[in-house]
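Residues per chain, in single letters:
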2 protein chains.
Amino acid sequence: MIQIKGSMMSVREDAQVLDATIRDGGLVNDFYFEDAFVRALYEMNLAAGVDYMEFGYRADKRQFSVDKFGKWKFSSDEDIRAIVGDNDTDMKISVMADVGRCDYKKDIHKKSESPVDMIRVATYINTMPEAVAMIEDAADKGYETTCNIMAVSKCKESDLTYALEMLAKSPVKAVYVVDSYGALYPIQIRDIVHFYAQGLEGTGKLVGIHAHNNQQCAFANTIEGMSVGASMMDGTVMGMGRGAGNCSLEGLLGFLKNPKYDLPPVLSFIEHYMLKLKEDGVVWGYDIPYLLTGLVDQHPRTAIAAVKAGDTKYLDFYNEIWD
Amino acid sequence: MIQIKGSMMSVREDAQVLDATIRDGGLVNDFYFEDAFVRALYEMNLAAGVDYMEFGYRADKRQFSVDKFGKWKFSSDEDIRAIVGDNDTDMKISVMADVGRCDYKKDIHKKSESPVDMIRVATYINTMPEAVAMIEDAADKGYETTCNIMAVSKCKESDLTYALEMLAKSPVKAVYVVDSYGALYPIQIRDIVHFYAQGLEGTGKLVGIHAHNNQQCAFANTIEGMSVGASMMDGTVMGMGRGAGNCSLEGLLGFLKNPKYDLPPVLSFIEHYMLKLKEDGVVWGYDIPYLLTGLVDQHPRTAIAAVKAGDTKYLDFYNEIWD
């Protein structure tokens, strides 16, 4: 049996919350957030006691056109600085760098020249060597780093063991369990977090969790991952994120007992900023097609297309994704 | 540590599913379902392999006007028979009888004269003696019975211990953990199910679970309750139920590994019947006010009123419910 850390009455002092609204939420509006929105979100996160705020991807402009995406697809130091100044606060700033989609040697500058504190390297299990190279590069430049191994529901234990061995020797601060397809249930999340924690035992490295809501388990999986030792948890406001979205930040902060966290700023932000996005037709959140791709452990792209097209022939959809 | 029963690869042969769409869903449309809907739902449940279908409450017509509620508020034997005939199938039929709201001596007839198989007695913890009297009456008349102890998040362990002792001596078949306010998290559900199972140990009585989705834990709580030994699980199609709704039947059947369950009939029913309800303006499902009443462990009535009124002043709402 896996040991439970803490209880409903106690504070897990090691637990830290990362707001990924701009980054995962950006996947549903092509990163077109207005500056006023991003600035208000930054102020909200400060007021709510959030530990890290993520400002999007640092994508390679040779691969992705600046005409087709908002600026948070690229999250330059300059654009972040325009929002946060020198970010002279207790909250840290992160960006995500995808293996194969980030010209990291050129586009990630020295920490001393950047408002960013942490680089989160996102990778599939088969590109771990490049992920480690990116982590080493970022660490050399002075950043905290994480490795976010995507689609963990598809990973073999033997490959994960190897990946964790590589990461144990790297300068990475935390390794994330990423349920990209929203395929996993709490019982599985507990096992995987435990597996990560054992693989990293004695290194001082942390385990993180990033969940998707295809089967309405994003929040439950996040707190269950935490209950067995994960200590970096991703949330997004109203769960804004690709497809069925993520663990909601408001649910997560409401759950956490640490008095440093404060829910009212998030409720106020939802009222004044998030509802407007919904009114403007930005669509995310649980729906039947996402349940079905989650159930069969697939990328949500077919479900996203079905929801966008208003296709409610759920039975046909289910039959097609089994093919 | 609480022992986990089964695994993701195995079938829990003891697990049974109850569809409560008409009963809990009826709370959001005052039980006005068309006969064609109820008949199609019955056929769907048969095709999906569901173990029990619940046909609403058996409310006392002296207390509730037949002019203000659809017939499934009262679920007479005649009305059920008009849908199911003699129900010559493997699926069983249940109705719910609320303590204090059911003239059970008169309105619950002998099993031999009724298409109903099981009477579910719903009670708060402080009316356990009447609940037990109702259970004994129904058992004497030939029915299976359950006791659904509502608002378990508000119950003291000492009172629950006493209630379980009373029920252990009664003819009840199963005792339900009912998270009426959607206040509980998986870690708590596991403890409570374990507490029930220990209290009923050696009696052969089952533990059931009925969850609400205020904090998006209805499905996760249901399968986590099952993982530690609950074997009667309530679901509703699309989670239709009071306020934030329930555990979705489609999520639950998708999760269960027993080949007797079949998801496609549920998907087809959603397409052809449930979407119409939504289009017609019947409202249920997760929303911020439900999160907040769940967080503070309150009845969702204020949240239902806020959602109905389209009130999105979430911060004011949160401040008010703390008062």
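Before any of the text, the structure's been laid out above.
Being a predicted model, the structure only gives us computed values, none of them experimental.

A. The arrangement of the overall build of chain A in detail. Per the secondary structure count, chain A includes 13 helices and 8 strands. Expected size for 323 residues packed as a compact globule is a radius of gyration near 20 Å; at 19 Å, chain A falls within 12% of this value. The principal-axis extents of the C-alpha atoms in chain A amount to approximately 55 × 45 × 45 Å. Residues counted as buried form 63% of the 323 residues belonging to chain A. The distance from the centre of the 33 positive side-chain charges to the centre of the 47 negative ones in chain A is 3 Å.

B. View of helix H12 (residues 301-308) of chain B. All names here are of chain B. Listed in full, the buried residues belonging to H12 are Ala303, Ala306 and Val307. Burial along H12 is one-sided: seen end-on, the buried residues are contained in an arc of 95°. Opposite the buried face of H12, at more than 90 degrees from it, the exposed residues are Arg301 and Lys308.

C. View of the pattern of salt bridges. Residues and elements named next belong to chain A. If you walk through the whole model with that rule in mind, you get 45 salt bridges over all chains. Between Asp103 and Arg62 there is a salt bridge whose closest N-O contact spans 3.4 Å. With Asp103 in the loop between strand E3 (92-98) and helix H4 (104-107) and Arg62 in the loop between strand E2 (52-57) and helix H3 (77-84), the pair connects residues that are 41 residues apart, well separated along the chain. Under the relative-accessibility criterion, Asp103 is labelled buried at 15%. We note a salt bridge from Asp234 to Arg120, for which the minimum N-O separation is 2.9 Å. Remark: Arg120 occurs in strand E4 (residues 118-123) and Asp234 occurs in strand E8 (residues 232-235); sequence separation between them is 114 residues. As far as burial versus exposure is concerned, Asp234 and Arg120 are alike and both buried. One continuous salt-bridge network, built from bridges that share partners, spans Arg23, Asp24, Glu54, Arg120 and Asp234.

D. Region of interest: the state of the cysteines. Counted according to the given criterion, the structure contains 0 disulfides over all chains. Note on B:Cys217: no disulfide assigned, nearest cysteine sulfur contributed by A:Cys217 at a separation of 8.5 Å.

E. Main features of the nonpolar core. Core analysis: the largest hydrophobic core is formed by 234 residues, its most contacted members being A:Phe55 and B:Phe55. Leave out the neighbours within four places in its chain, and A:Phe55 touches A:Ile22, A:Val38, A:Tyr42, A:Trp72, A:Ser75, A:Ile80, A:Ile83, A:Val84, A:Ile93, A:Ser94 and A:Val95.

F. Fine view of the interface of chain B and chain A. With 42 residues of chain B in contact, the opposing surface of chain A contributes 42 residues. Taken together, both faces of the contact between chain B and chain A bury some 3500 Å²; the carbon and sulfur share is 74%. Where chain B meets chain A, there are 8 residue pairs in polar contact (both at pLDDT 80 or more). Elements with a minimum of two residues in the side of chain B that touches chain A: helix H7 (186-199), helix H8 (218-227), helix H9 (249-255), helix H10 (264-279), helix H11 (288-295) and helix H13 (314-322) of chain B. Element by element, the count of residues in the side of chain B that touches chain A is highest for H10(B), at 6 residues. Residues belonging to the side of chain B that touches chain A are distributed by class as follows: 26 nonpolar, 10 polar and 6 charged.

G. Broad picture of the packing of aromatic side chains. Overall, the coordinates contain 24 aromatic pairs over all chains when judged by the stated rule. Consider the rings of A:Phe37 and A:Tyr273, whose centres lie 6.1 Å apart with planes at 85°: the pair is edge-to-face. With A:Phe37 in helix H2 (residues 35-48) and A:Tyr273 in helix H10 (residues 264-279), the pair connects residues that are 236 residues apart, well separated along the chain. A:Tyr273 gets classed as partly exposed once you look at its relative accessible area, which sits at 29%. For the pair B:Phe219 and B:Phe255, a centre-to-centre distance of 6.1 Å together with 80° between the ring planes defines the contact as edge-to-face. Placement of the pair is B:Phe219 in helix H8 and B:Phe255 in helix H9, with a sequence separation of 36 residues. Accessibility classification places B:Phe219 together with B:Phe255 in one group, the buried group. Aromatic rings pair up to connect A:Phe31, A:Tyr57, A:Phe64 and A:Phe69 into one cluster.

H. Quick peek at the relation of the copies chain B and chain A. The two copies are related by a screw operation: chain B maps onto chain A through 180° of rotation and 0.0 Å of translation along the axis, at an RMSD of 0.0 Å. With respect to symmetry, the two chain copies, as superposed, fit the operation of a two-fold axis. Both copies present the same face, since 100% of the interface residues in chain B are matched by interface residues at the equivalent positions in chain A.

I. A look at the sheet that holds E3(A). Residue and element names in this part refer to chain A. The strand order E1-E2-E3-E4-E5-E6-E7-E8 describes a closed barrel built from 8 strands, whose pairing is parallel. Strand-to-strand twist across the sheet, computed as the mean angle between neighbouring axes with direction ignored, equals 25°. Strands strand E1 (16-19), E2, E3, E4, strand E7 (206-210) and E8 of the sheet are contacted by helix H1 (residues 21-29), whose axis makes an angle of about 35° with E2. Sitting on the sheet, helix H5 (residues 128-140) is in contact with E3, E4 and strand E5 (144-149), with an inclination near 165° to E5.

J. Representation of H7(B) within the structure. For H7(B), spanning 14 residues, the distance from its first C-alpha to its last is 20 Å, which sits close to the expected 20 Å at 1.5 Å a residue. Listing the buried residues of H7(B) in full gives B:Pro186, B:Ile187, B:Ile189, B:Arg190, B:Ile192, B:Val193 and B:Tyr196.

K. Spotlight on the side chain of A:His212. Residues and elements named next belong to chain A. Secondary-structure assignment places His212 in the loop between E7 and helix H8 (218-227). Its relative accessible area of 7% is what places His212 among the buried residues. Among the polar contacts listed, one links the side chain of His212 to the side chain of Asn246, at a separation of 3.3 Å. Residue contacts for His212: discarding those within four places in its chain leaves Asp24, Asp179, Ser180, Gly182, Ala218, Arg242, Gly245 and Asn246.

L. Molecular detail of the pairing of strand E6 (residues 174-178) of chain A. Residue and element names in this part refer to chain A. Among the 5 residues in E6, 5 count as buried, and that is most of the element. Burial of E6 is two-sided: the residues Ala174, Tyr176 and Val178 facing one way and the residues Val175 and Val177 facing the other way are all buried. Relative to E6, E5 is paired through 4 bridges, and the arrangement is parallel. Bridging across to E6, Asn148 finds its partner in Tyr176. Between the parallel pair E5 and E6, the chain is carried across by helix H6 (residues 157-168), and the sense of this crossover is right-handed. Taking the sense of rotation as the criterion, the β-α-β connection linking E6, helix H7 (residues 186-199) and E7 turns out right-handed.

Rules behind the numbers
- Residues numbered from 1 in each chain as written.
- Chains lettered and ligands numbered in written order.
- Predicted model: local features only at pLDDT ≥ 70, side-chain atom pairs only at ≥ 80, totals over all residues.
- Heavy atoms only, no water.
- Helix = DSSP H or I, 4+ residues; strand = E, 2+ residues; numbered from the N terminus.
- Rg over C-alpha atoms; globule rule 2.2 N^0.38 Å.
- Buried < 20%, exposed > 50% of the residue type's maximum accessible area, 1.4 Å probe, protein only.
- Lys, Arg positive; Asp, Glu negative; His and termini not counted.
- Charge placed at Lys NZ, Arg CZ, Asp CG, Glu CD.
- Arc of directions from axis to C-beta.
- Salt bridge = Lys/Arg side-chain N within 4 Å of Asp/Glu carboxyl O.
- Disulfide = S-S within 2.5 Å.
- Core = buried A, V, L, I, M, F, W, Y, C linked by side-chain atoms within 4.5 Å.
- Contact = heavy atoms within 4.5 Å.
- Buried area = accessible area lost by both parts, 1.4 Å probe.
- Polar contact = N/O pair within 3.5 Å; in protein donor to acceptor, adjacent residues only side chain to side chain.
- Nonpolar A, V, L, I, M, F, W, Y, C, P; charged D, E, K, R; others polar.
- Phe/Tyr/Trp six-rings, centres within 6.5 Å; stacked < 30°, edge-to-face > 60°.
- Least-squares fit on C-alpha atoms with pLDDT ≥ 70 in both.
- Pairing = 2+ DSSP bridges.
- Axes fitted to C-alpha atoms, helices over the stretch in contact; angles between N-to-C directions.
- Expected span 1.5 Å × (residues − 1).
- Right-handed = clockwise from strand over helix to strand, strands pointing away.

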